[in-house]
Amino acid sequence: AQSVAQPEDQVNVAEGNPLTVKCTYSVSGNPYLFWYVQYPNRGLQFLLKYITGDNLVKGSYGFEAEFNKSQTSFHLKKPSALVSDSALYFCAVRPPSYGQNFVFGPGTRLSVLP
Amino acid sequence: DTAVSQTPKYLVTQMGNDKSIKCEQNLGHDTMYWYKQDSKKFLKIMFSYNNKELIINETVPNRFSPKSPDKAHLNLHINSLELGDSAVYFCASSTGQGAQYFGPGTRLTVT
């Protein structure tokens, strides 16, 4: 079965420190990988994606993610966290056998403390 | 503005009623989706439509029926609402290798 894991329900980081939100996946083939952010009472917003090429992809708001094929991971990172980054983050994969359909992780709540 | 829009934003209704949620996208995408987000924030895909054809239905009760009059619209009709249907429902769209773009959500409360 296709699945996405985000092993941490909650990540706390001090403002100005680097942050990492972890994501691992279990799918067959070479999936497309995505990160989304959800602010309170809002829809999900696309941050970045990996299709092919360089393992480090850059996205919106200074976020980047590193694809590691051997570890089947796609961790979200930011060098210096802002209080405004506090939100719910979702990792998603689009398995090649799923056509246009996506599998979402359970979400990780990021709190950046001033 | 190019976007995915949903109406209504809030919907409060009683058990047993029938209600609809509308979704429209003007992004030119060929696939549209409905997701349910529960109180623990888990996202569950309910339906996706590609070029007006249903291509997935993740064991959703048949009280839920998607209706797509054209590529830009995917409405969700719910019959005989139950307490457990209370959730936030999100519409989304995508195309090709692109990401999904989500609407703002409809918070459904069944009393």
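For the structure itself, look to the data block above.
Let us look at the structure shown here.

1. Remarks on the overall build of chain B
Move 1: Of regular secondary structure, chain B possesses zero helices and eleven strands.
Move 2: When its helices and strands are written in sequence order, chain B yields β-β-β-β-β-β-β-β-β-β-β.
Move 3: For chain B, whose C-alpha radius of gyration is 13 Å, the value lies close to the compact-globule estimate of 13 Å for 111 residues.
Move 4: Expressed along its principal axes, the backbone C-alpha trace of chain B runs to roughly 40 × 25 × 25 Å.
Move 5: Residue burial in chain B is summarised as follows: out of 111 residues, 45% are buried.
Move 6: Counting contacts in chain B only where the partners sit at least 6 residues apart, residues at least 24 apart contribute 52% of the total.
Move 7: For chain B, the computed accessible surface area is about 5,400 Å², with 49% contributed by carbon and sulfur atoms.

2. Things to note about the sheet that holds strand 7 (residues 64-70) of chain B
Residues and elements named next belong to chain B.
Move 1: Strand order across the open sheet formed by four strands is 1-3-8-7, with antiparallel pairing between neighbours. On the outer flanks of this sheet lie strand 1 (4-7) and strand 7, each paired with one strand and no other. Within the sheet, the average angular offset between the axes of one strand and its neighbour, ignoring direction, is 20°.
Move 2: Looking at chain direction, strand 7 and strand 8 (residues 73-78) are connected through five bridges and run antiparallel. Residue pairing for strand 8: Asp 70 is matched across the bridge by His 73.

3. Things to note about the interface of chain A and chain B
Move 1: If you look at the interface, chain A gives 20 residues, while chain B gives 27 residues.
Move 2: Of the roughly 1,700 Å² buried between chain A and chain B on both sides combined, carbon and sulfur atoms contribute 52%.
Move 3: Where chain A meets chain B, there are zero salt bridges.
Move 4: At the junction of chain A with chain B, the criterion picks out three residue pairs in polar contact (both at pLDDT 80 or more).

4. Considering the packing of aromatic side chains
For any two aromatic rings, the description comes down to two numbers: the centre-to-centre distance and the angle of the planes.
Residues and elements named next belong to chain A.
Move 1: Taken as a whole and judged by the stated rule, the model has 17 aromatic pairs over all chains.
Move 2: Ring geometry for Phe 63 and Tyr 89: centres 5.6 Å apart, planes at 50°, overall tilted. Remark: Tyr 89 occurs in strand 10 (residues 87-94) and Phe 63 occurs in the loop between strand 7 (56-58) and strand 8 (64-68); sequence separation between them is 26 residues. The same class applies to Phe 63 as to Tyr 89, namely buried.

5. Description of unusual backbone geometry
A negative phi holds for most residues other than glycine; trans holds for most peptide bonds.
Residue and element names in this part refer to chain B.
Move 1: Here the bond from Thr 7 into Pro 8 is cis, since omega is -5°, no more than 30 degrees from zero.
Move 2: Locating Pro 8 in the fold gives a position in the loop between strand 1 and strand 2 (10-13).
Move 3: The backbone of Lys 41 shows a phi angle near 75°, a positive value even though the residue is not glycine.
Move 4: Within the secondary structure layout, Lys 41 lies in the loop between strand 4 (31-37) and strand 5 (43-50).

6. Topic: the nonpolar core
Move 1: Counting 28 residues, the largest nonpolar core has A:Trp35, A:Leu47, A:Leu48, A:Phe74, A:Leu76 and A:Tyr89 as its most contacted members.
Move 2: Those elements that provide at least two residues to this core are strand 2 (10-14), strand 3 (19-21), strand 5 (32-38), strand 6 (44-50), strand 8, strand 9 (73-78), strand 10 and strand 12 (108-113) of chain A.
Move 3: Dropping the residues within four chain positions of it, A:Leu76 is found in contact with A:Leu19, A:Thr20, A:Val21, A:Trp35, A:Leu47, A:Leu48, A:Phe63, A:Glu64, A:Ala65 and A:Tyr89.
Move 4: Judged by nonpolar contacts, the second largest core, of 20 residues, contains B:Trp34, B:Phe47, B:Ala87 and B:Tyr89.

7. Examining the side chain of B:Asn75
Move 1: Of note, B:Asn75 is situated in strand 8.
Move 2: Not counting residues within four places of it along the chain, the set of residues in contact with B:Asn75 comprises B:Ile21, B:Lys22, B:Cys23, B:Trp34, B:Ser65, B:Pro66, B:Lys67 and B:Pro69.

8. Some points on the pairing of strand 5 of chain B
A regular strand carries its side chains on alternate faces of the sheet.
All names here are of chain B.
Move 1: Burial of strand 5 is extensive: six of the eight residues sit out of reach of the surface.
Move 2: As paired elements, strand 4 and strand 5 share seven bridges and run antiparallel to each other. Bridge pairing in strand 5 places Gln 37 opposite Leu 43.
Move 3: If you look at the hairpin formed by strand 4 and strand 5, you'll find five residues sitting between the two strands, and Lys 41 has a positive phi there, around 75°.

What counts, and at which threshold
Residues numbered from 1 in each chain as written. Chains lettered and ligands numbered in written order. Predicted model: local features only at pLDDT ≥ 70, side-chain atom pairs only at ≥ 80, totals over all residues. Heavy atoms only, no water. Helix = DSSP H or I, 4+ residues; strand = E, 2+ residues; numbered from the N terminus. Rg over C-alpha atoms; globule rule 2.2 N^0.38 Å. Buried < 20%, exposed > 50% of the residue type's maximum accessible area, 1.4 Å probe, protein only. Contact = heavy atoms within 4.5 Å. Areas by Shrake-Rupley, 256 points an atom, 1.4 Å probe, with all protein chains shown as cover. Pairing = 2+ DSSP bridges. Axes fitted to C-alpha atoms, helices over the stretch in contact; angles between N-to-C directions. Buried area = accessible area lost by both parts, 1.4 Å probe. Salt bridge = Lys/Arg side-chain N within 4 Å of Asp/Glu carboxyl O. Polar contact = N/O pair within 3.5 Å; in protein donor to acceptor, adjacent residues only side chain to side chain. Phe/Tyr/Trp six-rings, centres within 6.5 Å; stacked < 30°, edge-to-face > 60°. Core = buried A, V, L, I, M, F, W, Y, C linked by side-chain atoms within 4.5 Å.

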